[in-house]
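# Structural overview
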Amino acid sequence: MTALNVTLDELDPGESGIIVEILGNDVIASRLMEMGLIEDEPIAMIGRAPMGDPTEYSVQGYRISLRKNESTRVIVRKDP
Amino acid sequence: MPNDIATSKPVRIVALIGNPNTGKSSLFNALCGMNARVGNYPGVTVEQKVGRLLGTAECIDVIDLPGTYSLAARSADEAVAVNVLSGDLPQQSKPEVAIVILDASNVERNLYLFSQIYELGLPVIVVMNMWDRVTSEGLVVNAELLSQRLGVPVVCTSANKRQGIDELRKKIEQTLRIPNASPKPEQLARSMFPEAFHHEASQLSEWLASQGRKSSAYQVDRLLIDSDGHFQKTICQSGLPEIAERIDQARIRLQSAGCKVPMFETKARYAWVRKLIDGAVVRQESRSASPSDRIDRWLTHRWVGMLFFVFIMFLVFQSITLFAQLPMNGIQWLQSQASSGVEMLLGPGALRSLIVDGILAGVGGVLVFLPQIAILFLFIAILEDCGYMARAAFVMDKIMTTVGLSGKSFLPLMSSFACAVPGIMATRTIESRKDRMVTLLIAPLMSCSARLPVYILMVSAFVPATRYAGGWISLQGIVLMLMQSLGAVVAIPVAWVLKKFFFPGEPATFLMELHSYKWPSPTVIYQRVWERLVAFVVRAGTLIFCTSILIWAAAYFPGDHGSLDASIVSLEKATTAENQPAIDEAQEQVNRERSRLIESSFLGRIGHQIEPMVKPLGWDWKIGVAVIASFPAREVIIATLGTIYSLGSDQDEESEGLQEQMQLAKWPDGKPVFNLATALSIMVFFALCAQCSATLMTIRRETNSWRWPIFSFVYMTTLAYIGAWLTYQCFQPWS
């Protein structure tokens, strides 16, 4: 099976994946990780806001809203 | 230990801390009732809330710390939380117990913050709040097992239903008597940090101690982990040489040892959390759509979501205008009753004028905003507590990012169209300090309801009643609409400039938890609305009250009021006698006297002095004076213009008499003072100027500094002057 690594913003509604890596080591990266977006954590895309940004995700059993500039920092392995 | 003033018993202090949306404020209210003391921490814009624990023999104060996800101390809120918990804040003794509140339905992420607090060495009590959801949704959370593993008491509560509160109260007393043993080093999440980090941390700690800066293990950890964090900034500013280099070098060594800063911390902490909850907490299956997700599918839907948002906003603002009108009239009626009561008791004179025109008018001017504020905050509290507010920010975020703000700024700005005071108070829901400051500084530009009377007066007197498109579109309506939207349009470049030059750096993050929808709790809503109302009356009230008196004094003194008082007496006699010709004559006499006195008052003298300054705007000294007198509250201009154009001070915007008088006013050379250009220049000035002491005082209160109200005043007045000048210069040749 070939692993399909994409950035989080490329997930469509209903799609999910496993977090592989958070890019960067600045405030955004640490915030994302503090909120539970860490390696090997499953994450699912719930839906986009009416104007396409931000997007609602489900992680660690709760819902979080991320803007595109944040979700592009997250590399996920898409679930088949 | 500080002593209580009333009972002189020692006051014990405990701190309440947790993630946002864990029901912390309901728990605080359940523990302390409604008598919290609200203030600001010295030097920062973070709200300080302290309450006395109810139902205990001892005096125990509960400090409600700001909701936070982490103690990494990157924001002012987090820094305050760390400083309070470690006793580093001046004028605030160190709490003896930390009560950590967790959302029982999301234990895993909530324990991240706990893992940091656990390392501070304070005795800890864990509260699993929203326990009712654990039982109703059949979640598996073994609180007892967690308590055993951690060696700290764990109490399960449902704060909005007041369940488990007594037990928590007992646990607090018990822990204050016999503190639970501090955790062993191997119990802490810190023990899972890589060896290389422990090595660097102990070296840095030794060096700091040798420099006479003994620091706690937690502080040293934070120094190493948070690049440009709060502790690094404080210690670098305190003038310790080479500290910045030492930290940098340590970080480079860590990097080359394969310890990725700051990633390793979150990784280690979550690994610790997982080990801790293994077998005690079963995670909710996140794939299946919850009822909340199903609601979200509609409320954030492309069309339905937008329509619903517009509908909610429409509902909020219609309610403000509809339901506030009656109580507002009531307040105005009370004010006029009180005024006539005073007029019955006191003869005309300085004291009566001070009470009626100064104090009652000032207090009434403040209280009249109360119904609007109450209704707006009622809606905000309901929308926030049920979970829609976060969705509204989610829906509006994209539009707001175009001006560099976030979705959370939308509602405060929208509310400012009714009144900037509740709008500015509503910026508290914005966590990012920079976004909050920018929102708060542009909020007074939104066209508030107090500007409308001024526009109506000017438009109906000086804009031609031309109609287009078969009478469907009126020029007056267009001008009115342009004036209403001018502030919002100007706010866009202002927001951009503020963001670029005054609050630069720090890429905007908009990580926002969308917590599940729930029924709003009446006690939480009542508490929030009540707090805001009290704060408004006390703070803004005292200050707008003082400014009103100042303006009153400037318009009253100096001058011999003897003949005015005499003519008022004859007017009152004529009114009692219902002698119409005598009333008219006496009224005219009173008006003449008033206008003579205002011209010779301090305010009138200032008016004459500033005439050269306001002349480029097309104004004469009378308009200048009216504008100055309306700095405490802009709608005052109508009454002042009325007084100056000698019509008595009971004017409203539709009064034909005032319009006529203004149309007849002439410059010394015989040209009319007012024309379309003058009227537009006055309106533009009012659209952009910060003529509202209540707003400025609210900015003062919310930012905890005089700097920002002064800044707002200066920038808005400058904008207003330039705007009015440009308008006059552009339109003068046409009129």
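Residues numbered from 1 in each chain as written. Chains lettered and ligands numbered in written order. Predicted model: local features only at pLDDT ≥ 70, side-chain atom pairs only at ≥ 80, totals over all residues.

### A closer look at the overall build of chain B
Here is the rule we go by: Numbered from the N terminus, helices here are DSSP runs of H or I no shorter than four residues, and strands are runs of E no shorter than two. Between the buried cut of 20 or more and the exposed cut of 12 or fewer other C-beta atoms within 10 Å of a residue's own C-beta lies the partly exposed class, and all C-beta atoms are placed from the backbone. It is the C-beta atoms, placed from the backbone, that decide contacts: two residues are in contact if theirs lie within 7 Å.
When you go through chain B residue by residue, the secondary structure sums to 31 helices and 12 strands. Expressed along its principal axes, the backbone C-alpha trace of chain B runs to roughly 95 × 55 × 55 Å. Taken over 735 residues, chain B has a buried fraction of 45%. Across chain B, the fraction of contacts at a sequence separation of at least 24, relative to all contacts at a separation of at least 6, is 70%.

### Observations concerning the overall build of chain A
Rules: Our radius of gyration is a C-alpha quantity, and the globule rule it is checked against amounts to 2.2 Å times the number of residues to the power 0.38.
Counting its regular elements, chain A contains two helices and six strands. Tracing chain A from N to C terminus, the helices and strands come up as β-β-α-β-β-β-α-β. For chain A, the C-alpha radius of gyration of 11 Å lies close to 12 Å, the compact-globule estimate for 80 residues. Here the C-alpha coordinates of chain A stretch approximately 35 × 30 × 20 Å along the principal axes. For chain A, the residues scored as buried account for 50% of the 80 residues in total.

### A short note on the interface of chain B and chain A
Put simply, the test is: Side-chain classes are defined by residue name, with Ala, Val, Leu, Ile, Met, Phe, Trp, Tyr, Cys and Pro counting as nonpolar, Asp, Glu, Lys and Arg as charged, and the others, Gly among them, as polar.
Across the contact, 37 residues belong to chain B and 31 residues belong to chain A. Sorting the residues of the side of chain B that touches chain A by element identifies α3 (107-117), α11 (263-277), α12 (291-299), α13 (304-345), α16 (388-401) and β12 (512-513) of chain B as the ones contributing at least two each. At five residues, the largest contribution of residues to the side of chain B that touches chain A is made by α16(B). Here the side of chain B that touches chain A is built from residues that sort into 16 nonpolar, eight polar and 13 charged.

### Looking at the sheet that holds strand β4 (residues 55-59) of chain A
Here is the rule we go by: Strand pairing requires that DSSP identify at least two bridges connecting the strands.
Ordered by their spatial adjacency, seven strands build an open sheet running β1(A)-β6(A)-β2(A)-β3(A)-β4(A)-β5(A)-β12(B), and the pairing between neighbours is antiparallel. Edge positions in the sheet fall to β1 (5-7) of chain A together with β12 of chain B, since each of these pairs with one other strand and no more. Where strand β2 (residues 16-22) of chain A meets strand β6 (residues 74-78) of chain A, five bridges bridge the pair, whose relative direction is antiparallel. Across the sheet, the residue bridging to A:Ile22 is A:Val74, located in β6(A).

### Examining the environment of B:Arg149
Looking at the element boundaries, B:Arg149 is found in helix α5 (residues 143-150). Judged by local crowding, B:Arg149 falls into the partly exposed class, with 17 C-beta atoms found within 10 Å.

### Re helix α1 (residues 27-34) of chain A
Of all the positions in α1(A), only A:Ile28, A:Ser30, A:Leu32, A:Met33 and A:Glu34 are classed as buried. On its buried face, α1(A) is in contact with β2, α2 (68-71) and β6 of chain A together with α3 and α11 of chain B. Positioned one or two residues after α1(A), A:Gly36 has a phi angle of 100°, which is positive.

### A look at the packing of helix α15 (residues 370-386) of chain B against α16(B)
Residue and element names in this part refer to chain B. To keep it simple, the criterion reads: Convention adopted: a line fitted to C-alpha atoms gives each axis, helices being fitted over their contacting stretch, and angles between N-to-C directions are expressed from 0 to 180 degrees. Roughly parallel refers to an angle under 35 degrees, roughly antiparallel to one over 145, roughly perpendicular to one between 65 and 115, and oblique to any angle outside these ranges.
Remark: α15 packs on α16, axes separated minimally by 5 Å, with the N-to-C direction vectors making an angle of 90°. Comparing their axes, α16 and α15 come out roughly perpendicular. Contacts from Leu 383, Glu 384 and Cys 386 in α15 reach Tyr 388, Met 389 and Ala 392 in α16. When the residues that make up the contact of α15 with α16 are grouped by side-chain class, the tally is five nonpolar, no polar and one charged.

### A word on the pairing of strand β1 (residues 11-18) of chain B
All names here are of chain B. Taking burial as the measure, the eight residues of β1 include seven buried ones, the bulk of the element. For β1 and strand β4 (residues 59-64), the ladder comprises six bridges, and the chain directions are parallel. Considered in β4, the bridge of Val 14 is made with Val 62. Direction of pairing for β1 relative to strand β5 (residues 97-103): parallel, over a ladder of five bridges. Its bridge partner lying in β5, Ile 17 is registered against Val 100.

### Remarks on unusual backbone geometry
Most peptide bonds take the trans configuration, and most residues that are not glycine carry a negative phi. With omega at -5°, the peptide bond leading from A:Asp53 into A:Pro54 counts as cis. Relative to the helices and strands, A:Pro54 resides in the loop between β3 (42-48) and β4. With an omega of 0°, the peptide bond between B:Val261 and B:Pro262 qualifies as cis. One can find B:Pro262 in the loop between α10 (243-256) and α11. Positive phi, close to 70°, is recorded for A:Asp40, a residue that is not glycine. When you line up the elements, A:Asp40 lands in the loop between α1 and β3. Here A:Asp40 falls in the exposed class, since 10 other C-beta atoms lie within 10 Å of it. The backbone of B:Arg162 sits at a positive phi, close to 60°, despite the residue not being glycine. By secondary structure assignment, the location of B:Arg162 is in the loop between β8 (154-156) and α6 (165-177).

### A short note on the confidence of the model for chain B
Low-pLDDT portions of the prediction should not be read for the details of their coordinates. Our working definition: Known as pLDDT, the predictor's per-residue confidence is scaled from 0 to 100.
In this model, chain B carries an average pLDDT of 83, and 92% of its residues clear a pLDDT of 70 or more. With pTM at 0.78, the complex prediction returns an ipTM value of 0.93.

### Brief notes about α16(B)
All names here are of chain B. As a reminder, the rule being used: Multiplying 1.5 Å by the residue count of a helix minus one yields the expected span of that helix. Bending is quantified residue by residue as the angle between axes fitted to the seven-residue window ending at that residue and the seven-residue window starting at it.
Taking 1.5 Å as the rise per residue, α16 with 14 residues should run 20 Å; its terminal C-alpha atoms sit 20 Å apart, in good agreement. Along its length, α16 shows its largest kink, about 40°, at Val 395. Within α16, 11 of the 14 residues are buried, which leaves the element mostly enclosed by the surrounding structure.

### A short note on the nonpolar core
Residues and elements named next belong to chain B. Stated formally: What we call a nonpolar core is a set of buried Ala, Val, Leu, Ile, Met, Phe, Trp, Tyr and Cys residues whose membership is set by joining through C-beta atoms within 7 Å.
In this structure, Val 100, Val 127 and Met 683 are the most contacted members of the largest nonpolar core, which totals 210 residues. For this core, the leading source of residues is helix α29 (residues 676-688), giving 10 residues. Excluding anything up to four places from it in sequence, Val 100 contacts Ile 17, Gly 18, Phe 114, Ile 117, Val 124, Val 126 and Val 127.

### Section: the packing of α3(B) against α11(B)
The axes of two packed helices give the description: the angle between them and the distance between them. Residues and elements named next belong to chain B. As a reminder of what qualifies: The handedness criterion is simple: a crossing whose near helix is rotated anticlockwise from the far helix by less than a right angle is left-handed, and one whose near helix is rotated clockwise is right-handed.
Two elements in contact, α3 and α11, have axes whose closest approach is 9 Å; the angle formed by their N-to-C orientations is 120°. Judged by the inter-axis angle, α3 sits oblique to α11. In this structure, α3 meets α11 at a crossing whose hand is right-handed. Residues Val 107, Glu 108, Leu 111, Tyr 112 and Ser 115 of α3 form the contact with α11, whose participating residues are Arg 269, Tyr 270, Trp 272, Val 273, Leu 276 and Ile 277. In terms of residue class, the contact of α3 with α11 is made up of eight nonpolar, one polar and two charged.

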